[in-house]
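Chain and residue survey
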Amino acid sequence: MKQPILFATPLWRFNNPLPKGAYDWALKYQKENPESVVISNRGGYQSKQQGIDKFPYALHLRSILSQFEPFDYFSIDGWWLNINKKGDYNLPHTHGDADLAAIWYITDNGGLLYFQDPLLTSRITLYSRILSNWDDTPNKSMNCGAGDLLVFPSDVPHRVEEHTLDTLRISVGINLIANH
């Protein structure tokens, strides 16, 4: 029996080629701005949040977002660079000071991004007794390639599992605010 979905959480995924030079830009940015902040990251590099005027790929991201007209009603509030090496990861977190959150991938994410149902704590019995019959889980992984952009409600808890490869995993975190 197929059931309709009530109050689903939206997720927008845009598959785009990575602009030439983005990988080298990320490494150069880290070298020129070596101070890393610790928020959800454990290990790895995370830059301070910056204004969109200091992001060389702002027009690229705006052109991606403009593919979906409702995003015209949102402004990019800030961005930060994440560079993870083998063994680095991010704890579960939300972006409470934004309306939407986004992740732009400069490298493949290896399927290590996990979203958690924001209603998990109030629906744990539902998951354990009913939804498991449909092989549904409260945690969903997302595999993204270099150039992909994900946008989702900022209150959706998400985490990044431990990076197990010898290559770098690079992404840019973005907060979007509704224009009122």
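Look up: the structure comes first, before these words.
These remarks concern the structure in this document.

How each quantity is defined
Residues numbered from 1 in each chain as written. Predicted model: local features only at pLDDT ≥ 70, side-chain atom pairs only at ≥ 80, totals over all residues. Heavy atoms only, no water. Helix = DSSP H or I, 4+ residues; strand = E, 2+ residues; numbered from the N terminus. Buried < 20%, exposed > 50% of the residue type's maximum accessible area, 1.4 Å probe, protein only. Polar contact = N/O pair within 3.5 Å; in protein donor to acceptor, adjacent residues only side chain to side chain. Contact = heavy atoms within 4.5 Å. Core = buried A, V, L, I, M, F, W, Y, C linked by side-chain atoms within 4.5 Å. Pairing = 2+ DSSP bridges.

1. Quick word on the side chain of N41
Positionally, N41 belongs in strand β2 (residues 41-42). A relative accessible area of 3% means that N41 is categorised as buried. In this structure the side chain of N41 is engaged in a polar contact, spanning 3.2 Å, whose partner is the backbone oxygen of V37. At a separation of 2.8 Å, a polar atom in the side chain of N41 contacts the main-chain amide nitrogen of I39. In contact with N41, not counting residues within four places along its chain, are S36, Q46, Y89 and N90.

2. Here we look at the nonpolar core
Side chains that are nonpolar tend, in soluble globular proteins, to be buried together. Ranked by size, the top nonpolar core spans 28 residues in total, and within it W25, F55, L81, W104, L149 and I174 carry the most contacts. Counting residues per element, the ones that place at least two in this core are α1 (22-32), α2 (58-65), β4 (74-84), β6 (100-105), β9 (149-153) and β11 (169-178). Counting twelve residues, the second largest nonpolar core, distinct from the first, contains A101, L113, F115 and L150.

3. Here we look at the sheet that holds β2
Pairing within the open sheet is antiparallel, and its five strands lie in the order β2-β5-β10-β7-β8. Because the sheet does not close on itself, it has two edges, and the strands there are β2 and β8 (139-142). Examined bridge by bridge, strand β7 (residues 113-116) and strand β10 (residues 158-160) share three bridges and lie antiparallel to one another. The residue bridging L113 from the neighbouring strand is V160, located in β10.

4. With respect to the pairing of β11
For β11, a buried count of nine out of ten residues is recorded, marking the element as mostly surrounded by other parts of the structure. Note: β4 against β11, ten bridges, orientation antiparallel. For W80, the partnering residue across the bridge sits in β11 and is G173. Inspection of the sheet shows β6 paired to β11 by six bridges, in the antiparallel sense. By the bridge assignment, I103 is partnered in β11 with G173.

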